[in-house]
Amino acid sequence: MLKLPQRPRRLRRTEAIRAMTREATLTVDDLIYPVFVMEGENQKQEIPSMPDCFRYTPDLLLEELHTVSQMGIKAVALFPLIPPEKKDNEGKESYNPEGLIQSTVRRIKKELPQLFVITDVALDPYSIYGHDGIVRDGEIVNDETVEVLVKMALSHAEAGADMVAPSDMMDGRVGAIRQALDAEGWINVGILAYSAKYASAYYGPFRDALDSAPQFGDKKTYQMDIANAREALKEVALDIAEGADIVMVKPALAYLDVIRRIKDNTFTPVAAYNVSGEYAMIKAASQKGWLEENQVILETLTSIKRAGADLIITYFAKQIAPLLPR
Ligand code: PBG
């Protein structure tokens with residue numbers, strides 16, 4: 001017999017001791033459920049590259065949100081499908097007080113006031129070019145875009161959003177939004193900043209869902225280079241200084257190191273976005289019978305939590321909530 005002062009397997013012998021010594025526990029409280037809303041009534045459309053994910057008209061979305069709320073899910077992130085005739089270069093529809101997002105937020109807060117509503121602030125669903133900002137001479141212009149983002153954020157606050165989430169990666173937008181919200185008296189409306197958002201190929205299915213793929217070029221002049229991690233700390237530091245309440249890394253899986261570095265270098269909560277392409281990979285392999293779906297989802301989300309994420313935006317939220325402690 002070996003004489004070993006340490007036998008790590010002693011702490012793995014039974015489920016009881018494994019549970020007692022477990023380092024990270026995923027719970028329903030960690031989840032934010034992203035949902036797609038479209039105009040109309042009594043319709044839902046499955047997104048082909050995102051099996052089991054639907055775009056809902058507001059009435060059916062409300063039903064869906066009643067269900068997920070009963071499951072213990074506390075927050076949703078809303079994304080709109082905007083019909084082509086309402087798109088332009090300046091994203092004017094994005095701050096229409098009667099727009100799809102604004103009216104949907106009002107309905108949600110009326111029927112489900114306890115559900116925490118997060119709205120996306122970026123121009124891409126509203127842009128004829130599918131870019132997150134205004135295009136002038138082939139460039140995505142920063143400061144003019146920020147003015148529109150501020151109007152959008154204010155219209156979401158007026159509609160009752162609990163938190164706005166700028167996902168556009170324009171410089172200075174968090175500070176501009178914070179100042180405008182405060183000036184209008186919305187001091188309790190928070191900002192979830194997409195601080196380290198990478199120019200990733202994992203967003204493909206989401207752009208199918210919203211019909212928002214860039215019509216020319218790519219997003220590399222505003223979203224981060226996939227090879228950079230120190231730059232993420234710079235973006236996070238700026239966003240916190242400008243007033244972000246929560247900072248986010250996106251995508252999650254290919255950037256677990258970035259999540260950890262941010263967690264170790266900040267005092268705000270850290271969120272991670274388990275994006276559409278990460279969802280599609282697991283769904284596609286599971287449909288082929290190549291992976292045990294729920295086990296892979298649990299392992300994936302736990303890895304994001306272990307890396308340091310306090311919150312996870314995930315399309316798996318509804319599917320996985322029943323398997324998690326509340
Ligand atoms: C756009 C936005 C994107 C996502 C969230 N907000 C796509 C993009 O930047 O092109 C992607 C989400 C996902 O892939 O699940 N501002």
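Being a predicted model, the structure only gives us computed values, none of them experimental.

S.K.: Teacher, can you tell me more about the overall build of the chain here?
M.R.: Scanning the chain from N- to C-terminus turns up 11 helices and 12 strands. Here the chain has a C-alpha radius of gyration of 20 Å; the compact-globule value for 326 residues is 20 Å, and the two agree. Oriented by its inertia axes, the alpha-carbon framework of the chain measures out at about 75 × 45 × 40 Å. Residue burial in the chain is summarised as follows: out of 326 residues, 55% are buried. For the chain, the exposed area adds up to about 15200 Å²; of that, 51% sits on carbon and sulfur atoms. Mean positive and mean negative side-chain charge positions of the chain (38 and 47 charges, respectively) differ by 11 Å.

S.K.: Is there a simple way to explain the pairing of strand 12 (residues 311-314) in this structure?
M.R.: Each regular strand carries side chains that alternate between the two faces of the sheet. Residues Leu311 and Ile313 point to one face of strand 12 and Ile312 and Thr314 to the other, with burial holding for every one of them. Sheet analysis places strand 1 (residues 31-37) next to strand 12, joined by two bridges and oriented parallel. Residue Leu31 lies in a different strand from strand 12, and its bridge partner there is Ile312. Where strand 11 (residues 270-274) and strand 12 come together, four bridges link them in parallel fashion. Pairing of Asn274 across the sheet is with Thr314, part of strand 12.

S.K.: Which parts of the structure should I look at to understand the packing of helix 4 (residues 142-159) against helix 5 (residues 173-183)?
M.R.: Packed helix pairs are specified by the crossing angle of their axes together with the interaxial distance, meaning the distance between the axes. Contact geometry for helix 4 and helix 5: axes closest at 9 Å, N-to-C directions at 45°. Considered as vectors, helix 4 and helix 5 are oriented oblique to each other. Crossing of helix 4 over helix 5 shows right-handed handedness. On helix 5, the residues that touch Val146, Leu149, Val150, Ala153, Leu154 and Ala157 of helix 4 are Arg173, Ala176, Ile177, Ala180 and Leu181. Across the contact of helix 4 with helix 5, the residue classes break down as 10 nonpolar, no polar and one charged.

S.K.: I would appreciate a short explanation of unusual backbone geometry in the present structure.
M.R.: With the exception of glycine, most residues fall at negative phi, and the peptide bonds are largely trans. Across the junction of Lys250 and Pro251, the peptide omega takes the value -10°, indicating a cis bond. Along the chain, the position of Pro251 falls in the loop between strand 10 (246-250) and helix 8 (256-265). A positive phi is found at Asn42, a non-glycine position, where the angle reads about 55°. Turning to its location among the elements, Asn42 is positioned in the loop between strand 1 and strand 2 (44-47). Asn42 gets classed as exposed once you look at its relative accessible area, which sits at 58%. We note that Met169 has phi near 70°; this positive angle belongs to a residue other than glycine. By the element assignment, Met169 lies in the loop between strand 8 (163-166) and helix 5. For Met169, a relative accessible area of 5% puts it in the buried group.

S.K.: How should helix 9 (residues 276-287) be read in this particular structure?
M.R.: Because an α-helix completes one turn every 3.6 residues, residues spaced three or four positions apart along the sequence face the same direction. Between the first and last C-alpha of helix 9 there are 16 Å, a value that for 12 residues agrees with the 16 Å anticipated at 1.5 Å per step. Most of helix 9 is tucked away: nine of the 12 residues are buried. Contacts made by the buried residues of helix 9 are with strand 3 (50-56), helix 6 (204-210), strand 11, helix 10 (293-307) and helix 11 (317-320). Positive phi appears at Gly289, one or two residues downstream of helix 9, with a value of about 80°.

S.K.: It is not clear to me how the site of the ligand should be interpreted in this structure. Could you clarify?
M.R.: With respect to spatial proximity, 18 residues lie near the ligand, and among them Arg207, Lys219, Lys250, Ser276 and Tyr315 are the closest. In the model, an oxygen atom of the ligand is placed 2.9 Å from a nitrogen or oxygen of the Gln223 side chain. One of the side-chain nitrogen or oxygen atoms of Tyr315 is found 2.6 Å away from an oxygen atom of the ligand. Here the ligand, which alone exposes 400 Å², has 100% of that area covered by the protein. Along the lines of polarity and charge, the residues of the shell around the ligand split into eight nonpolar, three polar and seven charged.

S.K.: Just to check I follow, could you spell out a positive patch on the surface for this structure?
M.R.: Taken together, the side chains of Arg7, Arg9, Arg10 and Arg12 present a region of like positive charge at the surface. With respect to the helices and strands, Arg10 occurs in the segment before helix 1 (15-21).

S.K.: Looking at this structure, how should I read helix 8?
M.R.: Where helix 8 is concerned, the buried positions are Val258, Ile259 and Ile262. Along helix 8, the residues classed as buried sweep out an arc of 105° about the axis, all on the same side. In this structure, the buried residues of helix 8 make contact with strand 9 (190-197), helix 7 (230-242), strand 10, strand 11 and helix 10.

S.K.: For this particular structure, what's the right way to read the packing of helix 8 against helix 10?
M.R.: Put simply, helix 8 and helix 10 touch, their axes get as near as 8 Å, and they point 35° apart. The segment helix 8 lies against helix 10, with Leu256, Ile259 and Arg260 engaging Ser303, Ile304, Arg306 and Ala307. Across the contact of helix 8 with helix 10, the residue classes tally to four nonpolar, one polar and two charged.

Scoring rules and cut-offs
Residues numbered from 1 in each chain as written. Predicted model: local features only at pLDDT ≥ 70, side-chain atom pairs only at ≥ 80, totals over all residues. Heavy atoms only, no water. Helix = DSSP H or I, 4+ residues; strand = E, 2+ residues; numbered from the N terminus. Rg over C-alpha atoms; globule rule 2.2 N^0.38 Å. Buried < 20%, exposed > 50% of the residue type's maximum accessible area, 1.4 Å probe, protein only. Areas by Shrake-Rupley, 256 points an atom, 1.4 Å probe, with all protein chains shown as cover. Lys, Arg positive; Asp, Glu negative; His and termini not counted. Charge placed at Lys NZ, Arg CZ, Asp CG, Glu CD. Pairing = 2+ DSSP bridges. Axes fitted to C-alpha atoms, helices over the stretch in contact; angles between N-to-C directions. Parallel < 35°, antiparallel > 145°, perpendicular 65-115°, else oblique. Left-handed = near helix turned anticlockwise from the far one by under 90°. Contact = heavy atoms within 4.5 Å. Nonpolar A, V, L, I, M, F, W, Y, C, P; charged D, E, K, R; others polar. Expected span 1.5 Å × (residues − 1). Near = heavy atom within 4 Å. Polar contact = N/O pair within 3.5 Å; in protein donor to acceptor, adjacent residues only side chain to side chain. Patch = residues over 30% accessible without salt bridge, like charges linked within 9 Å, V, L, I, M, F, W, Y side chains within 5 Å. Salt bridge = Lys/Arg side-chain N within 4 Å of Asp/Glu carboxyl O. Arc of directions from axis to C-beta.

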